[in-house]
Amino acid sequence: MAENKRENFGGRFAIIMAMAGSAIGLGNIWRFPYLAGEHGGAAFILVYILSSVFLSLPIFLSESIIGRRSKSNTYGAMKKLAPGTRWKWLSIITILAPLIIVSYYSVVGGWSIEYLVKSLTFGFNSVPKEEITSLFSEFISRPYAPILFHTIFLGTTAIILTAGVKSGIEKFSNWSVPVLFLLILAILLYSLTLPGAMGGVIYMAKPDFSKITSKVILAAMGQSFYSLSLGVGTILVYSSYVSKKENLLVSGLGTAAFDLMFALMAGFAVMTAVFSAGVTPGAGPGLIFESLPYVFATMGESAPVLSGIIATVFFVTILISALTSAVSLMEVGVAYLIEEMKMKRKWATFTTFIGTWTLGCFCSLSFGPLGGIQFFGKTIFGFCDWISSNFLMALGALLFSLFVGWKMKKSDVYDEFTNGGTLKVNVRCFKPVYFLIRYIAPIVILIIFLSGILL
Ligand code: TRP
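These remarks concern the structure in this document. Bear in mind that the values here come from a model prediction, so they are computed numbers and not experimental data.

### Brief notes about the overall build of the chain
Piece 1. A tally of helices and strands in the chain yields 20 helices and 0 strands.
Piece 2. Relative to its length of 455 residues, the chain is compact, with a C-alpha radius of gyration of 21 Å against a globular reference of 23 Å.
Piece 3. Along the first, second and third principal axes, the C-alpha set of the chain runs to 65 × 50 × 40 Å.
Piece 4. By the burial criterion, 60% of the 455 residues in the chain qualify as buried.
Piece 5. Of all intrachain contacts in the chain linking residues separated by at least 6 positions in sequence, the fraction that spans at least 24 positions is 82%.
Piece 6. With the model as given, the accessible surface of the chain reaches about 17,700 Å², and the carbon-plus-sulfur share is 70%.
Piece 7. Computed over 33 positive and 21 negative side-chain charges, the separation of the two mean positions in the chain equals 12 Å.

In structure tokens form, the structure reads like this:
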């Protein structure tokens with residue numbers, strides 16, 4: 001039987017590292033700091049934490065419960081837990097979404113390789129500061145180089161996946177996630193010593209409750225959701241590799257805690273550096289690929305070697321954090337092909353690679369030669385990002401919470417969440433958690449979803 005051959009993660013540490021690896025990514029570095037600073041600092045962070053506990057955690061647990069109960073990929077899970085129904089067709093959304101995300105995520109991963117090479121060769125010191133912004137737009141619009149780096153990034157992801165769950169994903173995240181924390185800590189400590197760093201600290205931390213509007217609350221929820229990699233089946237698939245002895249609540253809380261810790265550290269590190277160089281903070285690719293290189297170039301005027309080292313450490317951090325996320329995204333497709341199409345892992349990975357690589361090439365070219373192709377006024381890259389983060393992720397999350405809250409038997413949900421009633425704290429938490437999954441999560445997701453499309 002296929003089930004007997006399924007691998008499991010080696011224990012609590014491995015589970016949390018793999019899940020945190022998926023969660024920690026570009027979202028923590030290029031979106032969280034800006035959102036927090038712009039929307040009331042500590043007040044935003046408080047709303048973010050509340051959203052994580054009351055919305056994201058229940059969805060996280062829904063995915064975990066489905067994954068570990070079924071010990072299957074997203075499609076197989078629905079087939080097993082709701083046999084003979086249409087749920088399995090709905091789950092196709094959660095296979096498509098991660099593959100679309102990984103295609104464009106890999107293009108960005110590729111950019112970070114290019115910028116890493118630039119840092120290693122002290123490339124930012126030789127460019128006049130004023131030209132850094134145009135350097136970025138010029139680079140991404142080129143036809144070949146970005147595709148080469150996209151290929152290297154996605155190829156590395158695929159190589160990790162061919163090694164399997166334990167020797168591939170687990171081994172990689174067991175060392176890379178702790179290394180990410182060390183790197184970001186080093187950058188944080190350094191950036192706090194920069195002149196004018198306090199400006200960044202104040203920007204990020206000063207509590208301003210007057211900025212908390214309904215729109216900001218929606219933004220906090222959306223970010224917490226995105227940051228925890230929810231709604232696209234990655235947590236479901238990773239949870240299917242969790243043994244029946246483990247506590248799902250602990251892995252959920254652990255992952256959320258590490259993700260938040262990283263977002264805060266990255267936030268303070270990035271913003272203090274940005275403020276010290278007198279740059280206006282923004283969100284998105286511009287923050288990492290324009291503002292920060294500008295900061296490095298400014299530092300390079302007085303300390304060229306140090307600035308090269310810091311830039312290198314920074315882009316290594318971005319690269320590794322993007323890789324651990326890409327691994328989890330691609331695994332959703334790989335697990336599906338292995339279990340449903342009966343492919344060998346190697347072929348399943350290769351097939352997924354070819355599909356996502358091709359879409360990624362189109363995404364990359366949409367900054368240059370294919371810029372004219374537009375869907376709903378968006379380029380191919382923009383459309384892939386928009387449809388996955390505003391549409392498919394919310395739909396997937398809705399699907400998972402409705403499935404656990406309304407389709408699965410309550411006794412099965414209880415059994416899975418409490419390990420057959422043996423985990424005392426989980427038994428006590430079950431009622432509120434079930435209520436959040438059944439009523440609150442679907443309603444709130446629907447609101448976020450509609451506002452994402454309509455606003
Ligand atoms: N959580 C990732 C980040 O913060 C991005 C992301 C969104 C993601 N959805 C995902 C990663 C699904 C892996 C799987 O950057």
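The discussion continues.
### Here we look at the site of the ligand
Piece 1. As a structural note, the neighbourhood of the ligand is formed by 16 residues, with A23, L26, G27, Y105 and Y226 the closest of them.
Piece 2. A distance of 2.9 Å separates a nitrogen atom of the ligand from a polar atom in the backbone of Y226.
Piece 3. One nitrogen or oxygen atom from the side chain of S229 is found 3.1 Å from a nitrogen atom belonging to the ligand.
Piece 4. Taken by itself the ligand offers 360 Å² of open surface, and the protein chains cover 100% of this.
Piece 5. Contributions of two or more residues to the shell around the ligand are made by α2 (12–23), α3 (26–38), α12 (214–227) and α16 (304–340).
Piece 6. When the residues that make up the shell around the ligand are grouped by side-chain class, the tally is 7 nonpolar, 9 polar and no charged.

### Regarding the nonpolar core
Piece 1. Ranked by internal contacts, the top residues of the largest apolar core, which has 156 residues, are F9 and I288.
Piece 2. Ranked by residue count, the leading element in this core is α16, at 18 residues.
Piece 3. Setting aside residues no more than four positions away along its own chain, I288 makes contact with L26, I29, W30, P293, F314, F315 and I318.

### Details of the packing of α16 against helix α17 (residues 345–365)
Piece 1. Orientation of α16 relative to α17, taken along the N-to-C sense of each, is 130°, at an axis distance of 8 Å. With respect to their mutual orientation, α16 and α17 come out oblique. As for how α16 packs across α17, the hand of that crossing is right-handed. Side by side, α16 and α17 meet where M330, E331, G333, V334, L337 and I338 of the first sit next to R345, A348, T349, T351, T352, F353 and T356 of the second.
Piece 2. Here the contact of α16 with α17 is built from residues that sort into 6 nonpolar, 5 polar and 2 charged.

### Quick notes on the pattern of salt bridges
Piece 1. Here the structure, examined in full by the defined rule, presents 12 salt bridges.
Piece 2. Between E416 and K244 there is a salt bridge; the shortest N-O distance is 3.4 Å. Here E416 is found in helix α19 (residues 410–418), whereas its partner K244 is found in the loop between α13 (234–239) and α14 (248–276), with 172 residues between them in sequence.
Piece 3. Three or more residues joined by partner-sharing salt bridges are found here, namely R68, R69, K244, D412, D415 and E416.

### Considerations on helix α9 (residues 145–162)
Piece 1. Compared with an ideal rise of 1.5 Å per residue, which puts 18 residues at 26 Å, α9 spans 26 Å between its outermost C-alpha atoms and is within 8% of the ideal.
Piece 2. Those residues of α9 that fall on the buried side of the exposure criterion are A145, P146, I147, F149, H150, F153, L154, G155, T157, A158, I160 and L161.
Piece 3. Where α9 is buried, its residues contact α7 (93–120), α8 (132–140), α10 (164–192), α16 and α17.
Piece 4. Phi turns positive one or two residues past the end of α9, at G164, with a value near 100°.

### A word on the side chain of T272
Piece 1. Tracing the backbone through its elements, the reader meets T272 in helix α14.
Piece 2. According to the relative accessible area criterion, T272 is buried, its value standing at 0%.

### Looking at the side chain of N426
Piece 1. In this structure, N426 sits in helix α20 (residues 424–454).
Piece 2. According to the relative accessible area criterion, N426 is buried, its value standing at 2%.
Piece 3. Aside from chain neighbours lying at most four places away, what touches N426 is N247, L249, F417 and T418.

### So, the packing of aromatic side chains
Piece 1. Going through the model one piece at a time under the given rule, you end up with 40 aromatic pairs.
Piece 2. Between F32 and Y48, the ring centres sit 5.0 Å apart and the planes meet at 65°, which makes this aromatic pair edge-to-face. Remark: Y48 occurs in helix α4 (residues 42–70) and F32 occurs in helix α3; sequence separation between them is 16 residues. For the pair shown, F32 and Y48 are each scored as buried.
Piece 3. Plain terms: the ring middles of Y414 and F430 are 5.1 Å apart, the flat faces sit at 90° to each other, and that makes the pair edge-to-face.

### As for the state of the cysteines
Piece 1. Under the defined criterion, the tally for this structure stands at 0 disulfides.
Piece 2. With no disulfide partner, C363 has as its closest neighbouring cysteine sulfur the one in C384, 3.8 Å distant.

### A short note on the packing of α3 against α4
Piece 1. As a packed pair, α3 and α4 sit with axes 7 Å apart at the nearest point and diverge in direction by 125°. One finds that α3 runs oblique with respect to α4. Our pair here, α3 against α4, has a crossing hand that is right-handed. For the pair α3 and α4, contact is made by F32, L35 and A36 and by F44, I45 and Y48, respectively.
Piece 2. Across the contact of α3 with α4, the residue classes break down as 6 nonpolar, no polar and no charged.

Rules behind the numbers
- Every residue gets a number counted from 1 within its own chain, in the order that chain's sequence is written.
- For this predicted model, a pLDDT threshold of at least 70 governs which residues receive local features, and a threshold of 80 or more governs which side-chain atom pairs are given and counted, while totals over whole chains, interfaces and linings are taken from all residues.
- Excluded from the side-chain calculations are hydrogens and water; all other atoms, namely the structure's heavy atoms, are used.
- Segments assigned H or I by DSSP are reported as helices when at least four residues long, segments assigned E as strands when at least two residues long, and all are numbered from the N terminus.
- The globule rule used for comparison is 2.2 Å times the number of residues to the exponent 0.38, while the radius of gyration itself is calculated over C-alpha atoms.
- Residue burial is assigned from relative accessible area. The probe radius is 1.4 Å, only protein chains are included, and a residue is buried under 20% of its type maximum, exposed over 50%, and partly exposed in between.
- A contact between two residues is defined here by any heavy atoms of the two lying within 4.5 Å.
- Note on areas: Shrake-Rupley with a 1.4 Å probe; residue coverage comes only from the protein chains shown.
- In this tally Asp and Glu are treated as negative and Lys and Arg as positive; neither His nor the chain ends contributes.
- For the purpose of locating charges, the reference atoms are NZ of Lys, CZ of Arg, CG of Asp and CD of Glu.
- Throughout this document, a residue counts as near a molecule or strand when at least one of its heavy atoms sits within 4 Å of that molecule or strand.
- Here a polar contact is taken to be a pair of N or O atoms separated by no more than 3.5 Å, where protein atoms must pair a possible hydrogen donor with a possible acceptor and residues adjacent in sequence count only if both atoms sit in side chains.
- Residues were grouped as follows: Ala, Val, Leu, Ile, Met, Phe, Trp, Tyr, Cys and Pro as nonpolar; Asp, Glu, Lys and Arg as charged; and all remaining residues, including Gly, as polar.
- By nonpolar core we mean a set of buried residues, namely Ala, Val, Leu, Ile, Met, Phe, Trp, Tyr and Cys, connected to one another through side-chain atoms within 4.5 Å.
- The convention used is that axes are lines fitted to C-alpha atoms, helices contributing only their stretch in contact, and that angles between N-to-C directions extend from 0 to 180 degrees.
- Reported orientations rely on four angle classes, namely roughly parallel under 35 degrees, roughly antiparallel over 145, roughly perpendicular from 65 to 115, and oblique for the rest.
- The sense of a crossing depends on the near helix, which, turned anticlockwise from the far helix by less than a right angle, makes the crossing left-handed and, turned clockwise, makes it right-handed.
- Only one rule defines a salt bridge in this text: a Lys or Arg side-chain nitrogen within 4 Å of an Asp or Glu carboxyl oxygen.
- A helix is expected to reach a length of 1.5 Å times the quantity of its residues less one.
- Centres within 6.5 Å are what make two rings of Phe, Tyr or Trp a pair, Trp counting through its six-membered ring; a difference in plane orientation under 30 degrees is then read as stacked, over 60 as edge-to-face, and the rest as tilted.
- Disulfide: a pair of cysteine sulfur atoms within 2.5 Å of each other.

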